[in-house]
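Summary of structural features
Residues per chain, in single letters:
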Amino acid sequence: MEVKVLNINGKETGRTITLSDSVFAIEPNNHAVYLDVKQYLANQRQGTHKSKERAEVTGSTRKIKKQKGTGTARAGSVKNPLFKGGGTVFGPRPRSYSFKLNKNLKRLARKSAFSIKAKESNIIVLEDFNFEVPNTKNFINVLKALGLENKKSLFVLGESNKNVYLSSRNLKASSVVISSELSTYAILNANNLVLLEGSLEGIQENLSK
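The axes of two packed helices give the description: the angle between them and the distance between them. The interhelical angle for the contact between helix α3 (residues 103–119) and helix α7 (residues 197–207), taken along N-to-C directions, is 130 degrees, at an axis separation of 10 Å. By the criterion of interaxial angle, the relationship of α3 to α7 is oblique. Listed contacts from α7 to Arg107, Arg110, Lys111 and Phe114 of α3 are Ile203, Asn206 and Leu207. Here the residues of the contact of α3 with α7 sort into three nonpolar, one polar and three charged.

As structure tokens, this is what we get:
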């Protein structure tokens, strides 16, 4: 599929670029997308939750009343989970929520995400640009020129660009990543993808394997 290349002023440069059908025009695999997004979100979890169980609660271990003759249930310790201040039964323990997915599935998920965005016409190809110094105002002007000032956007660079990254860092709705850092979640979480020309070769090369 052919896409027009725009400049930072939102104007057409008169050039077009061909996006690989094997990356941007496949039949999306929803289950692969689901698994990849699920893995991404699982990896964000710290898993440091912990509650004290019976053996960890502070308190005496003496038997608090005689075994028989009280008319109530037998009880051996104030740490009993049935008592206020007692231990928690089967409470959460520190654990890792991460799980593994094979590379082919993750690659399919990213291609599916790109294809979904392409089908919705939410991909913009922008010629490579740079700022002399980090300047948030300049980045906002680029967003306005592209009609993205009120939309969640993801700019994909071919290589690390400190000035562009720092210019966008203070903006909640926009983020900048390099093509090697792309995730299925990041692609789908943005309303619009802005692919710089320099990033396309790396994206298509990595996902066409």
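With respect to the helices and strands, Gln39 occurs in helix α2 (residues 30–44). Sequence-distant contacts of Gln39, defined by excluding residues within four places in its chain, comprise Phe99, Lys100, Leu101 and Lys106.

With that settled, the discussion passes to the packing of α2 against α3. Remark: α2 packs on α3, axes separated minimally by 8 Å, with the N-to-C direction vectors making an angle of 105 degrees. Here α2 is positioned roughly perpendicular relative to α3, judged by the angle of their axes. Here Ala32, Val33, Leu35, Asp36 and Gln39 of α2 come into contact with α3, specifically with Leu105, Lys106, Leu108, Ala109, Arg110 and Ser112. Split into classes, the residues belonging to the contact of α2 with α3 amount to six nonpolar, two polar and three charged.

We now examine the environment of Lys151. Turning to its location among the elements, Lys151 is positioned in the loop between α4 (136–146) and β4 (153–157). Taking the C-alpha atoms as reference points, Lys151 and Asn9, 142 residues apart in sequence, are found 17 Å from one another.

Next up on the list: unusual backbone geometry. Despite not being glycine, Phe90 shows a phi value in the positive range, around 50 degrees. By the secondary structure assignment, Phe90 is in the loop between α2 and α3. With relative accessibility at 82%, the residue Phe90 sits in the exposed group. With a phi angle near 55 degrees, Ser121 is a residue other than glycine that sits in the positive phi range.

This paragraph deals with the sheet that holds β4. Pairing is mixed in the open sheet, where six strands are placed in the order β2-β1-β3-β6-β4-β5. Of all the strands in the sheet, just β2 (12–18) and β5 (174–178) have a single pairing partner and so form its edges. Strand-to-strand twist of the sheet, defined as the mean angle between neighbouring strand axes without regard to direction, takes the value 30 degrees. Both β4 and strand β6 (residues 192–196) contribute to a ladder of four bridges, which runs parallel. Pairing of Leu154 across the sheet is with Leu193, part of β6. Packing of α7 onto the sheet brings it into contact with β1 (2–6), β2, β3 (123–126), β4 and β6, and relative to β6 it is tilted by some 95 degrees.

Core analysis: the biggest nonpolar cluster contains 21 residues, and Phe24, Phe114, Leu182, Leu195 and Ile203 have the highest contact counts within it. Those elements that place two or more of their residues in this core are β1, α1 (21–24), α3, β3, β4, β6 and α7. Discounting chain neighbours no more than four positions away, the residues touching Ile203 are Phe24, Phe114, Val156, Ser179, Leu182 and Leu195. Membership of the second largest hydrophobic core comes to 18 residues, among which are Leu6, Phe129, Leu171 and Leu196.

This brings us to the pairing of β4. Look at any regular strand and the pattern is simple: side chains alternate between the two faces of the sheet. Most of β4 is tucked away, with five of its five residues classed as buried. Neither face of β4 is open: one carries Ser153, Phe155 and Leu157, the other Leu154 and Val156, and all of them are buried. After leaving β4, the chain enters helix α5 (residues 162–168) and then returns to the sheet as β5, a path that is right-handed.

A few words now on the packing of aromatic side chains. Under the defined criterion, the tally for this structure stands at four aromatic pairs. Centroid distance Phe24 to Phe114: 5.0 Å. Interplanar angle 50 degrees. Geometry classified as tilted. Residue Phe24 is found in helix α1, and its partner Phe114 is found in helix α3; the two are separated by 90 residues along the sequence. In this structure Phe114 comes out as buried when scored by relative accessible area, which is 1%. With a centroid separation of 4.9 Å and 55 degrees between ring planes, the pair formed by Phe139 and Phe155 is classed as tilted. One end of the pair, Phe139, is in helix α4; the other, Phe155, is in strand β4, and 16 residues separate them in sequence.

Basis of the calculations
- Residues numbered from 1 in each chain as written.
- Predicted model: local features only at pLDDT ≥ 70, side-chain atom pairs only at ≥ 80, totals over all residues.
- Heavy atoms only, no water.
- Axes fitted to C-alpha atoms, helices over the stretch in contact; angles between N-to-C directions.
- Helix = DSSP H or I, 4+ residues; strand = E, 2+ residues; numbered from the N terminus.
- Parallel < 35°, antiparallel > 145°, perpendicular 65-115°, else oblique.
- Contact = heavy atoms within 4.5 Å.
- Nonpolar A, V, L, I, M, F, W, Y, C, P; charged D, E, K, R; others polar.
- Buried < 20%, exposed > 50% of the residue type's maximum accessible area, 1.4 Å probe, protein only.
- Pairing = 2+ DSSP bridges.
- Core = buried A, V, L, I, M, F, W, Y, C linked by side-chain atoms within 4.5 Å.
- Right-handed = clockwise from strand over helix to strand, strands pointing away.
- Phe/Tyr/Trp six-rings, centres within 6.5 Å; stacked < 30°, edge-to-face > 60°.

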